[in-house]
Amino acid sequence: MDPQGVEPIVFVSSDHINDSCWRIPVQLEERVVHIWGFSLEGASSTIALCRLWMSVEEQARAGRFVRPEDGTGYILARGCLRAVLARYTGLDPSALTFQPGATGKPELAAMPDGRNRIRFNLSHSYGRMLIAVARRQEVGVDLERIREQVEAARLARRFYSPTECANVTGLSGPAQAAQFFRYWAAKEAFLKCKGVGLQFPLDRCEITLSADGPTAAVSWKVTSGSIEQGRVRFLPLEDGWIGAVTAGEDEWRMDIRRWPLG
């Protein structure tokens, strides 16, 4: 068990979505965020199934990747997302349709019985994927592999607030890289929840790390005269990875799921 007292996330093979477990319903309470982890490697049969589930637009996008492995990763990611959401909506993965929300963030298209109250977000990095699912509230999740070759100090000076930058540049080696990506994951998860993404100036989304590590406070300067407060929770992952999640409500809890049990 993770030191936070939470079961660590297991990135199960994408091949598991090929077993029809997407037909088994998953119940989701209010103010709860479910987290699913997948490894984006799959057999040819799984890739074919995911492609079959995809919309015409998704299939076209998959064909535009320059590197075949990137196209395959995209296909598996869309298939895993569809398989997961099928368990909340009761629909076949191929029957799910998506549309841009008010901020442009993708969401399930409207359904007359209210099943579109499900909100989701996903993130993938170096062949791994996280999916966050909630009911009636927006969510944001990010996954990063810690890469020591990244010029953490230079990027921190360019994108982070003065306090964040000092906390990064005051370290060196692996510790500096880990701190840099810790801030980055927290910012991206929060801004994705808000539907704005990383096009928003990162230094106006300031992260204050907690002393015990699992959470961080967020101060988001929406405009010069408007500030919103929030909180991000870091995810229990193996060494070398950083993940963060947040939700639109003030009070919520995280529930890590594992395919196929749910």
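Residues numbered from 1 in each chain as written. Predicted model: local features only at pLDDT ≥ 70, side-chain atom pairs only at ≥ 80, totals over all residues. Heavy atoms only, no water.

As for the overall build of the protein chain
Secondary structure summary: the protein chain contains 6 helices and 12 strands in total. A globule of 262 residues ought to have a C-alpha radius of gyration of about 18 Å, and the protein chain, at 18 Å, matches this closely. Along the first, second and third principal axes, the C-alpha atoms of the protein chain reach 50 × 40 × 35 Å. A burial count over the protein chain gives 50% of its 262 residues as buried. Counting contacts in the protein chain only where the partners sit at least 6 residues apart, residues at least 24 apart contribute 60% of the total. (Helix = DSSP H or I, 4+ residues; strand = E, 2+ residues; numbered from the N terminus. Rg over C-alpha atoms; globule rule 2.2 N^0.38 Å. Buried < 20%, exposed > 50% of the residue type's maximum accessible area, 1.4 Å probe, protein only. Contact = heavy atoms within 4.5 Å.)

Quick notes on helix α4 (residues 152-159)
Those residues of α4 that sit buried are Ala 152, Ala 153, Leu 155 and Ala 156. For α4, the buried positions fall inside an angular range of 165° around the axis, keeping them on one side. Exposed and oriented more than 90 degrees from the buried face of α4 are Arg 157 and Arg 158. In this structure, the buried side of α4 is in contact with α5 (162-169) and α6 (173-194). (Arc of directions from axis to C-beta.)

Description of the packing of α5 against α6
Taken N-terminus to C-terminus, the directions of α5 and α6 make an angle of 150°; their axes are 8 Å apart at the nearest point. Taken together, α5 and α6 sit at an angle that is classed as roughly antiparallel. On α6, the residues that touch Glu 164, Asn 167, Val 168 and Thr 169 of α5 are Gln 176, Gln 179, Phe 180, Tyr 183 and Lys 187. (Axes fitted to C-alpha atoms, helices over the stretch in contact; angles between N-to-C directions. Parallel < 35°, antiparallel > 145°, perpendicular 65-115°, else oblique.)

Regarding unusual backbone geometry
A negative phi angle characterises most non-glycine residues, just as the trans form characterises most peptide bonds. Here the bond from Trp 259 into Pro 260 is cis, since omega is 5°, no more than 30 degrees from zero. Relative to the helices and strands, Pro 260 resides in the segment after β12 (253-256). One non-glycine residue with positive phi stands out, namely Ser 20, at about 70°. Assignment of secondary structure puts Ser 20 in the loop between β1 (12-13) and β2 (32-39). One non-glycine residue, Arg 31, adopts positive backbone phi at about 60°. In this fold, Arg 31 is placed in the loop between β1 and β2.

Section: the pattern of salt bridges
Per the stated rule, a full pass over the model turns up 13 salt bridges. Two residues, Arg 78 and Glu 58, come together in a salt bridge whose shortest N-O distance is 2.7 Å. Of the two residues, Arg 78 is situated in helix α3 (residues 68-89) and Glu 58 in helix α2 (residues 56-62); the sequence distance between them amounts to 20 residues. Assessed through its relative accessible area of 6%, Glu 58 is described here as buried. Within the structure, one salt-bridge network assembled from shared partners comprises Glu 58, Arg 78 and Arg 82. (Salt bridge = Lys/Arg side-chain N within 4 Å of Asp/Glu carboxyl O.)

Observations concerning the nonpolar core
Counting residues in hydrophobic clusters, the biggest one holds 37 residues, and the most contacted among them are Trp 36, Phe 38, Ile 131, Val 133 and Trp 259. Secondary structure elements with two or more residues in this core: β2, α1 (44-53), α3, β5 (118-125) and β6 (128-135). The greatest single-element share of this core, amounting to 11 residues, is contributed by α3. Phe 38 has contacts with Phe 11, Val 12, Ser 13, Ile 17, Cys 80, Val 84, Gly 127, Arg 128, Met 129, Ile 131 and Trp 259, leaving out every residue within four places of it along the chain. Ranked by size, the runner-up nonpolar core spans 26 residues in total, among them Phe 181, Trp 184, Ala 189 and Trp 220. (Core = buried A, V, L, I, M, F, W, Y, C linked by side-chain atoms within 4.5 Å.)

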